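Here are the chains, one letter per residue:
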Amino acid sequence: VEKDQKCIPYVWTVMFCGIDNVSHPAEVLWIPDITIEEMMQKDKAPQSPYVTLQSYGRVEDENYLTVVSTCKMQVYKFPFDAQSCSLSFKSIVYSDEDITFKGIRNKTVLMKWILEDMGNQYEWLFLNLTVNTTTLTNHGFTQSRMVYTITMRRRSALYIANFLVPILFFFCLDLASFLISDSGGEKLSFKVTVLLAVTVMQLILNEILPSSSDRLPLMAIFCIGIFGLIMISLLETILVMYLIDRDSASEENQADKGLNVKKWTHCASVCNVFDEPPSELLSVGKEDKRSQLMEESDSLEKLPDELSEAVKTLSLLLSRKEERKPDYLTRVAKKLDKVFFFVYVIVSTLFFVVIFSVWINAKDE
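What you are looking at is a predicted structure, and each value in this text was computed from that prediction instead of being measured.

With that out of the way, let us pick up the pairing of strand 6 (residues 124–138). The sheet contact formed by strand 6 and strand 7 (residues 141–154) spans 14 bridges and is antiparallel. From the neighbouring strand, N132 faces strand 7, where its bridge partner is V147. Between the end of strand 6 and the start of strand 7, which pair antiparallel, lie 2 residues, with H139 showing a positive phi angle near 55°.

Looking now at the sheet that holds strand 3 (residues 50–54). By way of backbone hydrogen bonds, the strands of a sheet pair with one another, either parallel or antiparallel. Pairing within the open sheet is antiparallel, and its 3 strands lie in the order 1-3-4. Looking at which strands have only one partner, the edges of the open sheet turn out to be strand 1 (21–25) and strand 4 (59–60). Bridge count for strand 1 against strand 3 is 5 bridges, and the pairing is antiparallel. Its bridge partner lying in strand 3, H24 is registered against V51.

A word on the pattern of salt bridges. Throughout the structure, instances matching the rule amount to 6 salt bridges. Between R58 and E60 there is a salt bridge; the shortest N-O distance is 3.5 Å. Its relative accessible area of 21% is what places E60 among the partly exposed residues. Across the salt bridge formed by D81 and R154, the nearest N and O atoms sit 2.7 Å from each other. Of this pair, D81 sits in the loop between strand 4 and strand 5 (82–91) while R154 is found in strand 7, placing the two residues 73 residues apart along the sequence. For R154, a relative accessible area of 10% puts it in the buried group. Within the structure, one salt-bridge network assembled from shared partners comprises D81, E123 and R154.

Time to look at the nonpolar core. Core analysis: the largest hydrophobic core is formed by 30 residues, its most contacted members being L205, M219, F222 and I226. Breaking this core down by element, the ones donating at least two residues are helix 2 (157–176), helix 3 (186–208), helix 4 (218–272) and helix 7 (328–361). Residues contacting I226, with those up to four places away along its chain left out, are I167, F171, V198, F351 and F352. In terms of nonpolar packing, the next biggest core, distinct from the first, is built from 6 residues, I36, F89, I99 and F101 among them.

Locating F163 in the fold gives a position in helix 2. Taking the C-alpha atoms as reference points, F163 and P79, separated by 84 residues in sequence, lie 10.0 Å from one another.

Residue placement: S348 occurs in helix 7. The exposure class assigned to S348 is buried, which follows from its relative accessible area of 2%.

Before going further, it helps to spend a moment on the state of the cysteines. Inspection of the entire model under this criterion finds 1 disulfide. Two residues, C71 and C85, share a disulfide whose sulfurs are 1.8 Å apart. Handedness here is read from the sign of the S-S torsion; for C71 and C85, about -85°, the answer is left-handed. Here C85 lies in strand 5 and C71 lies in the loop between strand 4 and strand 5, a separation of 14 residues in the sequence. Since its relative accessible area comes to 15%, C85 is described here as buried.

Tallying each qualifying case throughout the model produces 18 aromatic pairs. On the numbers, 5.6 Å between centres and 85° between planes, the contact of W30 with Y94 is edge-to-face. In this pair, W30 is assigned in the loop between strand 1 and strand 2 (34–36) and Y94 in the loop between strand 5 and helix 1 (107–117), connecting sequence segments 64 residues apart. On the basis of relative accessible area, W30 is assigned to the exposed category, the value being 54%. With a relative accessible area of 26%, Y94 lands in the partly exposed category.

A separate point is the environment of K90. Mapped onto the elements of the fold, K90 is located in strand 5. Between the C-alpha atoms of K90 and I36, which are 54 residues apart in sequence, the distance is 6.6 Å. Side chain to side chain, K90 and Q143 meet in a polar contact 3.3 Å long.

Calculation notes
Residues numbered from 1 in each chain as written. Predicted model: local features only at pLDDT ≥ 70, side-chain atom pairs only at ≥ 80, totals over all residues. Heavy atoms only, no water. Pairing = 2+ DSSP bridges. Helix = DSSP H or I, 4+ residues; strand = E, 2+ residues; numbered from the N terminus. Salt bridge = Lys/Arg side-chain N within 4 Å of Asp/Glu carboxyl O. Buried < 20%, exposed > 50% of the residue type's maximum accessible area, 1.4 Å probe, protein only. Core = buried A, V, L, I, M, F, W, Y, C linked by side-chain atoms within 4.5 Å. Contact = heavy atoms within 4.5 Å. Disulfide = S-S within 2.5 Å. Phe/Tyr/Trp six-rings, centres within 6.5 Å; stacked < 30°, edge-to-face > 60°. Polar contact = N/O pair within 3.5 Å; in protein donor to acceptor, adjacent residues only side chain to side chain.

Written out as structure tokens, the structure is:
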């Protein structure tokens, strides 16, 4: 068209752009209602508003979830334990005819993806991941379910350095306390301090381990055993100190009784001066009181004899007691302390051998 300066051709255009997928708003497409059975809290991460449509008909809906799930912990071998936690994916309303779950068959590829994308593992070391597809039947309604089982092992080096080794050090201090003298109260106060330190470690352990565990952990048995051994050692120290104090008190009583015997002997010698009745009493007085005075003089004659016999008997008893060495209970206490030390070491060694052998040979549940 010359006047308008236009050219109107007929053109056929064929485009090859290589586009094999497009993004489309997720709200206009059907998306299955997939849930995780073990999930405890609602995911707060923002969801992607788009889905990807592939040229061959595949639809991909990718989202990142922060999953807080339940996992029953088996802490019998703590801190040398391994745990297994599961994530079960299933639909809420659709049956296996509508939705069927299929896991990745190539385990090598799956493990590679996990290790590449894995972030902070805290105190746990990832060991394995297994995928199982099962079918649930409830009142004639059959659903497909896919279960991922994650196996982890606890890194125990920190617990050994900060918990297990200090308890062993406390026990070694209790063994070293047998070298402290039993004469003072330093040994008793030292053992009480060690016992309180083990009690503090038990309180820390109580905060770490779950209270809903089916079996008592071996670490708790270990702490209770150490606590019991130190407590028995403390009771033995109290008994030894009691025997030593009683022996000291008996020596003081014997010294006091010796002084009393000397006083009584002096009194008896003074009384013997008056064995014969005074002549003044026989010559003075009326005739009707002579008989009464004679009776009183007879009683005075018998009194020093009886007192002398009592003094002799008491002296004989004290001499027999003096034949026994004054430190008899002290020697018994020291011998008891030595025997208890050897028994204590043997029992403690057997306890450590048994508890650590069970710890090593116990199977992960």
